[in-house]
Amino acid sequence: MRAETIATYPIAGALGAEVSGIDLARPLSNPETEAIRQALWNHKVIFFRSQSLSPKGLLRVAGIFGGIYRVPFVRARDDFPDIIDIVKEAEDDNKYNFGGVWHSDATFEACPPMGSVLYCLESPPHGGDTLFVNMEAAYAALSDVMKTTLDGMVALHSAERNYGSGGYFTDDKKQGVSMSIEPSAEGDKLMEHPVVRTHPETCNKGLFINPIYTMRFKGMPTQESQPILNFLYNHAVRPEFQCRFGWTTGALAIWDNRCTMHFSINDYAGYRRHMNRVTIAGDRPR
Ligand SMILES: [Fe+2]
């Protein structure tokens, strides 16, 4: 199949497009690979339906964009250590929900992931959608004074709230029955990133903060930082900056973690949802 058969259909005004005309299980030609990369730069999150991918096929799709990032704190598949199982069994009820707060993945790292590939092995009959927001659109809609102020600021990120020594998952009651999350003191470390990040492919500026991992601004205590962060989070997740994807078994999403946040909706108690995720290595935010 040639790259000309690939078509993209935006699903919202701000970001997100479904890509048709490609079977990701086959070896891809260079033009096809380039078309997929361009689609991601253009739309920030892209979706493919009805794919039939082995774990190796899933790793090959992630390889289109770079090396693999091995996710800390979350136990990976025994057979494929670069793939994490994201599973909520019917009996897990609403006990936990992996990804159920707005966030970008692993921004506590010096080089946070470039993106992720998420593949649906089993979708609930309804619910379990994922929301995404365009952090470049959110930045662009701020006042010039706010943009200038934020441009020079640095934020401190940490895995502390979730995976640190006193984090959410240290409470056994918060652990799901179906995933193994292993908090540690490693999660308490702080990492500095610019509040406004320039995308290395498009040179667009976007907000690079998120409610799970951003702790405060550098040089500002929490009580000064938090009201500004709260304003920015509320601003960034306005509906016009969002798209929403309803999963079907065999659907696959690739998101650009440098210019988006995502949120997994927990509205399918009593049903099983099973995903596999491969995370793509990224570079130092600038
Ligand atoms: Fe995530």
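A brief look at the structure comes next. As the structure is a prediction and not an experimental result, all values here were calculated from the model. (Residues numbered from 1 in each chain as written. Predicted model: local features only at pLDDT ≥ 70, side-chain atom pairs only at ≥ 80, totals over all residues. Heavy atoms only, no water.)

1. A short note on the overall build of the protein chain
In step 1: Counting secondary structure elements, the protein chain contains six helices and 16 strands.
In step 2: For 286 residues, the compact-globule estimate of 2.2 N^0.38 gives 19 Å, and the protein chain sits close to it at 18 Å.
In step 3: Dimensions along the principal axes, computed over C-alpha positions, put the protein chain at roughly 55 × 45 × 30 Å.
In step 4: The proportion of buried residues among the 286 residues of the protein chain is 52%.
In step 5: In the protein chain, once contacts between residues fewer than 6 apart in sequence are set aside, the share between residues at least 24 apart is 81%.
In step 6: Roughly 12,100 Å² of accessible area belongs to the protein chain as shown, and the carbon and sulfur atoms make up 51% of that amount.
In step 7: Separation between the mean location of the 29 positive side-chain charges and that of the 33 negative ones in the protein chain comes to 3 Å. (Helix = DSSP H or I, 4+ residues; strand = E, 2+ residues; numbered from the N terminus. Rg over C-alpha atoms; globule rule 2.2 N^0.38 Å. Buried < 20%, exposed > 50% of the residue type's maximum accessible area, 1.4 Å probe, protein only. Contact = heavy atoms within 4.5 Å. Areas by Shrake-Rupley, 256 points an atom, 1.4 Å probe, with all protein chains shown as cover. Lys, Arg positive; Asp, Glu negative; His and termini not counted. Charge placed at Lys NZ, Arg CZ, Asp CG, Glu CD.)

2. Section: the side chain of Arg197
In step 1: Inspection of the secondary structure puts Arg197 in strand E10 (residues 196-198).
In step 2: For Arg197, a relative accessible area of 3% corresponds to the buried category.
In step 3: Setting aside residues no more than four positions away along its own chain, Arg197 makes contact with Asn204, Lys205, Gly206, Phe208, Arg258, Asp283, Pro285 and Arg286.

3. Here's the deal with the coordination of the iron ion
In step 1: Note on the iron ion: its protein donors are His103 (NE2), Asp105 (OD) and His262 (NE2). The metal-donor distances range over 2.1 Å.
In step 2: Read from N- to C-terminus, the donor residues coordinating the iron ion fall into the pattern H-x1-D-x156-H. Each member of the pair, His103 together with Asp105, is buried. (Donors = N, O, S within 2.8 Å, 3.2 Å for Na, K, Ca; no water.)

4. Digging into the pairing of strand E15 (residues 260-264)
Looking along a regular strand, one sees side chains alternate from face to face of the sheet.
In step 1: Counting buried positions along E15 gives four out of five residues, so the element sits mostly inside the fold.
In step 2: Both strand E7 (residues 130-134) and E15 contribute to a ladder of five bridges, which runs antiparallel. The residue of E15 that forms the bridge with Val133 is Met261. (Pairing = 2+ DSSP bridges.)

The analysis is restricted to geometry; functional conclusions fall outside its scope.
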